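Inside the fold
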Amino acid sequence: MNSFRWQSQLSLVGCLCLLLVGCAGMGKSGGNPHVGEAISHAEEAIDHGGMGHSDVLVTHAQVSLQHAQAAQKEMSNPHLDAGIAELEQAISHGEAGHSGIATKHAKAAVGHFQEI
């Protein structure tokens with residue numbers, strides 16, 4: 001009987017660990033997969049902007065924007081709105097070849113998305 005109780009306790013601990021790991025992952029994206037994708041692509045935009053690749057920055061910022069807008073259809077959050085505005089600025093400056101300014105806007109977008 002003790003063996004059964006021990007196995008039950010281990011199973012309960014295992015389930016709690018899985019639950020905690022799952023909830024920890026939600027912090028980065030507010031539980032919405034589009035927010036996570038928006039962050040990922042905005043970070044790619046930042047990386048390429050740092051290398052002066054304005055065209056690639058714009059491409060990733062546009063994909064990030066698409067994901068952020070998809071998340072906006074599913075949830076309401078002022079940080080999401082602010083991040084979208086920052087991405088729009090990043091795209092505008094990136095298209096003008098201003099990779100430094102575009103990168104700053106992409107970084108600001110990531111900061112907002114991480115607050116969701």
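Every chain's residues receive numbers from 1 upward, in the order its sequence appears when written. Side-chain atom pairs in this predicted model are given and counted only at pLDDT of 80 or more, local residue features only at pLDDT of at least 70, and totals for whole chains, interfaces and linings cover all residues. Hydrogen atoms and water are omitted, and side-chain values are computed over all heavy atoms in the structure.

This next bit is on the overall build of the chain. Along its length, the chain carries five helices and zero strands. Per the convention used, a helix needs a DSSP run of H or I reaching at least four residues, while a strand needs a run of E reaching at least two, with both numbered from the N terminus. Helices (α) and strands (β) of the chain occur, in sequence order from the N terminus, as α-α-α-α-α. Relative accessibility thresholds used throughout: buried, under 20% of the residue-type maximum; exposed, over 50%; partly exposed, between the two (1.4 Å probe, protein chains only). Per-residue burial over the chain gives 34% buried out of 116 residues. Considering only contacts within the chain whose residues lie at least 6 apart along the sequence, 64% involve residues at least 24 apart. Surface accessibility follows the Shrake-Rupley procedure with a 1.4 Å probe radius. Residue values consider only the protein chains on display as shielding. Accessible area of the chain: about 6800 Å², with a carbon and sulfur share of 59%. Pairs of residues are marked as contacts when any of their non-hydrogen atoms sit within 4.5 Å.

Relative orientation of the contacting elements helix α2 (residues 33-50) and helix α5 (residues 99-114) amounts to 155°, with a least axis distance of 9 Å. Considered as vectors, α2 and α5 are oriented roughly antiparallel to each other. Where α2 crosses over α5, the two elements pack in a sense that is left-handed. Of the residues in α5, those in contact with Val35, Ala38, Ile39, Ala42, Glu43, Ala45, Ile46, Gly49 and Gly50 of α2 are Ser99, Thr103, Ala106, Lys107, Val110, Phe113 and Gln114. Angles here are taken between N-to-C directions and fall from 0 to 180 degrees, while the axes themselves are lines fitted to C-alpha atoms, restricted in helices to the stretch in contact. Roughly parallel means an angle under 35 degrees; roughly antiparallel, over 145; roughly perpendicular, 65 to 115; everything else is oblique. A crossing counts as left-handed when the near helix is turned anticlockwise from the far one by less than a right angle, and as right-handed when that turn is clockwise.

So, on to the side chain of histidine 105. Among the structural elements, histidine 105 can be located in helix α5. On the basis of relative accessibility, which here comes to 18%, the residue histidine 105 falls in the buried class. Of note is the side chain of histidine 105, whose polar atom sits 2.6 Å from the side chain of glutamate 86. Dropping the residues within four chain positions of it, histidine 105 is found in contact with Glu86, Gln89, Ala90 and His93. Two N or O atoms count as a polar contact when they lie within 3.5 Å, although within protein this holds only if one can serve as hydrogen donor and the other as acceptor, and sequence-adjacent residues are included solely when both atoms are side-chain atoms.

On their own, these measurements won't tell you what the molecule is for.
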